[in-house]
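Listed below, chain by chain, are the residues.
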Amino acid sequence: MIGTYVAGKQIEPLNDLYDAEGWLAVMPETLIPLISQDGNIYSVPVNIHRANVLWYNPGLLEANGVEVPTTMDEWFASAGDDGHPRPRVRLAARAPSAR
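Being a predicted model, the structure only gives us computed values, none of them experimental.

Basis of the calculations
- Numbers given to residues run from 1 along each chain, matching the order in which its sequence is written.
- In view of the model being predicted, local features appear only for residues whose pLDDT reaches at least 70, and side-chain atom pairs are presented and counted only at 80 or more, with totals across whole chains, interfaces and linings using the full set of residues.
- Water and hydrogen atoms were dropped before computing side-chain values, which therefore reflect all heavy atoms in the structure.
- Numbered from the N terminus, helices here are DSSP runs of H or I no shorter than four residues, and strands are runs of E no shorter than two.
- By the convention used here, residues are in contact when the closest approach between their heavy atoms is within 4.5 Å.
- Side-chain atoms within 4.5 Å link the members of a nonpolar core, which is a set of buried Ala, Val, Leu, Ile, Met, Phe, Trp, Tyr and Cys residues.
- Buried means the residue's accessible area, taken with a 1.4 Å probe over protein chains only, is under 20% of the maximum for its type, while exposed means over 50%, and partly exposed covers the values in between.
- Only residues whose relative accessible area exceeds 30% and that form no salt bridge enter a patch; like-charged residues are grouped when within 9 Å of one another, and nonpolar side chains (Val, Leu, Ile, Met, Phe, Trp, Tyr) when within 5 Å.
- To measure how exposed things are, a 1.4 Å probe is used in the Shrake-Rupley method; for residues, cover is taken only from the protein chains shown.
- Any carboxyl oxygen of Asp or Glu within 4 Å of a side-chain nitrogen of Lys or Arg constitutes a salt bridge here.

A.B. asks: I'd like a rundown of the overall build of the protein, residues and numbers included.
C.D. replies: Scanning the protein for helices and strands turns up four helices and two strands. Helices and strands appear in the protein in the N-to-C order α-α-β-β-α-α. A separation of at least 24 residues holds for 41% of the contacts in the protein among residues at least 6 apart in sequence.

Have a look at this one:
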């Protein structure tokens, strides 16, 4: 869609704004090509949300003798990725299907 506006000379590059504000240092690298054409940036994305959240069940961990993990390595170890043949705590469970 940006290409239509660029070809019609309806928008101007925002590279100077990105440089002046330091936005290239904080924007996700994979986003820039989506808002660019021929080396020029033509959009300022807004409402970009990331949900880097990991939920856990404290009762389930306690019932299995597992302390609340504070790192991803601890999280995977608590799930059995530490050489145990069977996970101590399942990372996910599938509900039985209705029959």
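A.B. asks: Outline the nonpolar core, listing residues and values.
C.D. replies: Core analysis: the largest hydrophobic core is formed by nine residues, namely Ile 2, Val 6, Tyr 18, Met 27, Leu 31, Ile 32, Ile 35, Ile 41 and Tyr 42. Non-local contacts of Ile 35, meaning those with residues more than four positions away in its chain, are made with Ile 2, Tyr 18, Asn 40, Ile 41, Tyr 42, Ser 43 and Pro 45.

A.B. asks: Just give me the short version of a nonpolar patch on the surface, but keep the residues and values in it.
C.D. replies: Together, Leu 17, Val 44 and Val 46 make up an exposed nonpolar region whose accessible area comes to about 240 Å². With respect to the helices and strands, Val 46 occurs in the loop between β2 (40-41) and α3 (58-63). Judged by relative accessible area, which is 64%, Val 46 ranks as exposed.

A.B. asks: Explain unusual backbone geometry to me, using residue names and the numbers behind them.
C.D. replies: Residues apart from glycine generally show negative phi values, whereas peptide bonds are mostly found in trans. A positive phi angle is found at Lys 9, which is not glycine, with a value near 55°. Tracing the sequence through the fold places Lys 9 in the loop between α1 (2-7) and α2 (15-21). Taking the relative accessible area as the measure of exposure, Lys 9 reaches 74% and is therefore exposed. Of note in this structure, Asp 38 is not a glycine but carries a positive phi near 50°.

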